Amino acid sequence: MSKPLSAETIAIVKSTAPALQQHGVAITTRMYERLFVDPAIKGLFDQAAQVSGEQPKRLAGAIIAFAKNVDNLGALTSAVERMATRHVETSIKPEHYPAVANALLPAIKDVLGDAVDERVLGAWGEAYWFLADVLINREAQLYAAELPDLETI
Ligand code: HEM
C-alpha cells in the first residue's frame, strides 16, 4: 500500500486542479512529445489514438479527476479499473512508470511556466507516484489472474 499523501501535498494538488483543467490537453500533448523521444516507449502506444488527439484527452481527464479527488480516491475506483485494464492489454509494466513521471512533470512546467514552483512540482511528483502505485498494484493482480493455472498443465 502506498504511503498516504501529506495534507500539504493534497492541498497543493487540489489547488492546481483549475490550472490543469484549463491547460490539461496542452500539458499531456507536451508530455507525449517528451515521452516519445524514446522509440521503445512510443511503440507501446496506439498511434491511431494519439493522432486523433484521443489519448492526450483521456490522460488529461484522468489527471484532472485525480487532482479533484486526491483526498477521495474511492471516487476514482472505476477510472482506475479502466486504466489498469487498458494498461494490461497494452503490456504496461512497473518499469515504464518512471518515463511518464520524467515526461509529465517537466511538461507541467513547460506549459504552466512561472505559475508552478519547486513546491508544486514536488507535490505533483508525490501525487504521481501515489496514483502510479495504485495502478501498478491493480495491474499486478490482473497480470497474475491471466497466468495459466499451473496445476492444470
Ligand atoms: C499514473 C500514471 C498513468 C495514468 C494516470 C495513465 C492514464 C491512462 C488513461 C486514462 C488511459 C486511457 C484508458 C481508456 O482507454 O479509457 C491510458 C491508456 C494507456 N496508457 Fe496510461 N496512464 C499512466 C501510466 C502509463 C504508463 C507508465 C504507460 C507506458 C509508458 C502508459 C501507457 C498507456 C497505453 C499504451 C495506453 C493505451 C493507449 C491507447 O488506447 O492507444 N500509461 N492510460
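Residues numbered from 1 in each chain as written. Predicted model: local features only at pLDDT ≥ 70, side-chain atom pairs only at ≥ 80, totals over all residues. Heavy atoms only, no water.

Per an unreviewed UniProt entry, the protein chain goes by the name Globin domain-containing protein and belongs to Acidocella aquatica. We quote the UniProt Sequence similarities (unreviewed entry) comment for the protein chain here in full: "Belongs to the globin family." (UniProt positions renumbered as here; feature names shortened; annotations may be inferred.)

A few points about unusual backbone geometry
Leaving glycine aside, a negative phi is the common case for residues, and trans is the common case for peptide bonds. Positioned with a positive phi, Ser91 is a non-glycine residue whose angle comes to about 60°. By secondary structure assignment, the location of Ser91 is in the loop between α6 (77–89) and α7 (97–112). Classification of Ser91 by relative accessible area gives partly exposed; the value is 40%. (Helix = DSSP H or I, 4+ residues; strand = E, 2+ residues; numbered from the N terminus. Buried < 20%, exposed > 50% of the residue type's maximum accessible area, 1.4 Å probe, protein only.)

Side note on the nonpolar core
Judged by nonpolar contacts, the single largest core of 40 residues is most densely connected at Ile108 and Trp124. Those elements giving two or more residues to this core turn out to be α1 (7–15), α2 (17–35), α5 (54–68), α7 and α8 (118–146). Here the element with the most residues in this core is α8; it accounts for 11 residues. With residues up to four places along the chain from it excluded, the contact list for Trp124 reads Val13, Thr16, Leu20, Ile63, Phe66, Ala67, Leu105 and Ile108. (Core = buried A, V, L, I, M, F, W, Y, C linked by side-chain atoms within 4.5 Å. Contact = heavy atoms within 4.5 Å.)

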